[in-house]
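# Overview (structure and organization)
Spelled out from the first residue to the last, the chains are:
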Amino acid sequence: MSVRNPTVSVAALLVLASLVPQETAAQNSTNPYAIVEGWAKLPGGRVMGAVGKAKVDRDGRHIWAVIRCDAGQEHFGSECVDSDLDPVLKFDPDGNVVESFGSGMFIWPHGIDVDSDGNVWVTDAVTDSSIPAGDDRGHHVIKFSPTGDVLLTLGTPGEAGDGPNHFTSPSDVAVAPNGDVFIADGHNENGNNRVVKYNSRGEFLMTWGETGYAPGQFRALHAIALHPDGRVFVGDRGNSRIQIFDQEGNHTATWTQFGRPSGIAFDDQGRIFVADSESDNVQNPGYEMGIRIGEAQTGWVKEFIHFPWANPHIIPGNGAEFVAVDSEGNLYGGEPVPNPHLNARTLRKYVRVRP
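Model, not experiment: these values are computed from the prediction.

One open sheet holds the four strands; their spatial order is β10-β11-β12-β13, and the pairing between them is antiparallel. Each edge of the sheet is formed by a strand with only one pairing partner; in this case those strands are β10 (170-175) and β13 (204-208). Neighbouring strand axes in the sheet, compared pairwise and without regard to direction, differ in orientation by 20° on average. Alignment of strand β12 (residues 194-198) against β13, held across four bridges, turns out to be antiparallel.

As structure tokens, this is what we get:
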């Protein structure tokens with residue numbers, strides 16, 4: 001005869017009741033945002049290339065974005081290798097380009113951050129197989145002034161590695177208010193799978209993480225973001241989860257309720273925004289592509305912007321890979337893969353239409 005512990009049973013039921021319905025509700029909720037069609041406009045007839053990460057400028061209104069030149073989808077992974085176009089662009093609130101730079105400095109620019117001084121940090125996540133022989137680009141992170149002057153380079157350009165001065169396809173970068181720099185290294189599931197930390201002078205401080213499934217292990221770090229309270233949020237996309245750390249690399253939480261995270265952002269209202277561009281019937285069954293919005297403190301998912309052209313049978317995904325939120329609450333999602341319904345890559349703006 002077995003005796004059940006009623007306390008454990010009730011607790012288990014409460015956990016199930018709290019986790020399952022909130023995700024189901026979020027995925028079936030009415031979208032509180034409307035798309036602003038044609039917001040991002042490129043000058044001189046330039047064709048929109050694959051869009052990487054977007055980041056709000058320190059003024060809260062302008063948007064910085066990685067636009068990977070204009071090569072076709074058949075060159076995905078090395079779009080800027082032979083291009084003289086600037087891949088780092090700054091948009092005004094009306095979607096017009098007001099600053100650009102970075103021509104010839106990247107092969108596959110990917111992540112971007114803006115520090116408290118307005119400087120712009122950009123990663124190159126190209127793989128070794130896409131670097132031409134003798135080319136000294138890739139596997140590095142460059143710090144620019146707001147007008148494009150190179151201020152600092154982290155990593156060894158053109159050389160993959162796992163030492164303190166090397167990266168292997170770094171996906172993203174986040175800069176703390178004190179100037180400490182956190183690099184998500186890197187983009188591939190079989191890569192370094194670590195976070196690397198430097199001080200404001202570019203001096204190596206520490207690293208944490210390795211390939212795996214346990215807490216503190218990763219498979220394809222695709223995003224990294226710093227919450228205002230200092231927590232480090234890592235988009236562990238290959239494991240379909242967000243992992244949260246303090247700034248010394250101590251694991252504090254794992255969240256799976258935000259789908260397969262490609263991008264992470266926060267606003268000043270205590271909310272977290274997570275872009276999921278890859279959930280489908282194979283890679284993350286039961287979840288849909290879109291942008292999930294929740295409480296940054298508790299992790300509760302409150303709203304879900306379903307990508308209107310999502311197709312769970314298409315691999316890879318085709319929604320927003322990254323997400324940014326401006327001071328007025330507008331969202332911006334960069335779409336790197338042409339959608340089969342739209343045949344376009346774009347930096348899409350979302351405006352809230354309901355409380």
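With that out of the way, let us pick up the side chain of K197. When you line up the elements, K197 lands in strand β12. By relative accessible area, which is 4% here, K197 ends up buried.

Right, let's get into the nonpolar core. When a protein is soluble and globular, its nonpolar side chains tend to lie buried together. Grouped together as the largest cluster of nonpolar side chains are 15 residues, with contacts concentrated most on W39, I63, F91 and L347. When residues of this core are traced back to their parent elements, those giving at least two are β2 (50-56), β3 (63-68) and β4 (88-91). Apart from residues no more than four positions distant in its own chain, I63 is found in contact with W39, A54, K55, V56, L89, K90, F91 and Y332.

Okay, empty space enclosed by the protein next. Tallied over the full model, the rule gives one cavity of 30 Å³ or more. Estimated volume of the largest cavity: approximately 30 Å³. Looking at the largest cavity, the residues that line it are G290, I291, I305, F307, A320 and Y350.

Let us look at the sheet that holds strand β21 (residues 301-306). What the four strands build is an open sheet, ordered β18-β19-β20-β21; its pairing is antiparallel. Each edge of the open sheet is held by one strand with a lone partner, namely β18 (263-266) and β21. Geometrically, the sheet is characterised by an average inter-axis angle of 20° between neighbouring strands, direction not taken into account. Of the pairings in the sheet, the one linking strand β19 (residues 271-276) to strand β20 (residues 290-295) comprises six bridges and is antiparallel in character. Residue pairing in the sheet places R271 in a bridge with E295 of β20.

Time to look at the pattern of salt bridges. Following the criterion strictly, the structure yields 21 salt bridges and no others. Note that D180 is salt-bridged to K197, the shortest N-O span being 3.9 Å. Of this pair, D180 sits in the loop between β10 and β11 (181-185) while K197 is found in strand β12, placing the two residues 17 residues apart along the sequence. Of the two residues, D180 and K197, neither departs from the other in class, the shared state being buried. Ionic pairing is found between E295 and K302, a salt bridge with its closest N-O pair at 3.5 Å. According to the relative accessible area criterion, K302 is exposed, its value standing at 51%. Several salt bridges share partner residues, and in doing so they unite E189, R219, R237, R260, E278 and E321 into one network.

For strand β6 (residues 109-114), the tally of buried residues reaches six of six residues, placing the bulk of the element in the interior. By the bridge criterion, four bridges tie β6 to strand β7 (residues 120-124) in an arrangement that is antiparallel. Across the sheet, D113 pairs through a bridge with W121, a residue of β7.

In this structure the tally under the stated criterion is 14 aromatic pairs. Residues F182 and W208 carry aromatic rings whose centres are separated by 6.4 Å and whose planes lie at 65° to one another, so their mutual orientation is edge-to-face. Placement of F182 in strand β11 and of W208 in strand β13 is noted, with a sequence separation of 26 residues between them. Classification of F182 by relative accessible area gives buried; the value is 0%. A relative accessible area of 8% places W208 in the buried class.

The next subject is the pairing of strand β8 (residues 141-144). The alternating pattern of β8 places V141 and K143 and I142 and F144 on opposite faces, both of which are buried. With four bridges connecting them, β7 and β8 associate as antiparallel partners. Paired with T123 across the strands is V141, a residue of β8. Taken together, the four bridges between β8 and strand β9 (residues 150-154) define a ladder with antiparallel strand orientation. In the strand pairing of β9, I142 is matched with T153. What sits between β8 and β9 in their antiparallel hairpin is a turn of five residues, with G148 showing a positive phi close to 100°.

How each quantity is defined
Residues numbered from 1 in each chain as written. Predicted model: local features only at pLDDT ≥ 70, side-chain atom pairs only at ≥ 80, totals over all residues. Heavy atoms only, no water. Pairing = 2+ DSSP bridges. Helix = DSSP H or I, 4+ residues; strand = E, 2+ residues; numbered from the N terminus. Axes fitted to C-alpha atoms, helices over the stretch in contact; angles between N-to-C directions. Buried < 20%, exposed > 50% of the residue type's maximum accessible area, 1.4 Å probe, protein only. Core = buried A, V, L, I, M, F, W, Y, C linked by side-chain atoms within 4.5 Å. Contact = heavy atoms within 4.5 Å. 1 Å grid on protein atoms, 1.4 Å probe; cavity = no way out; pocket = protein on both sides within 12 Å on 5 of 7 lines; lining within 4 Å. Points joined across faces, edges and corners; volume = space filled by probe spheres on them. Salt bridge = Lys/Arg side-chain N within 4 Å of Asp/Glu carboxyl O. Phe/Tyr/Trp six-rings, centres within 6.5 Å; stacked < 30°, edge-to-face > 60°.

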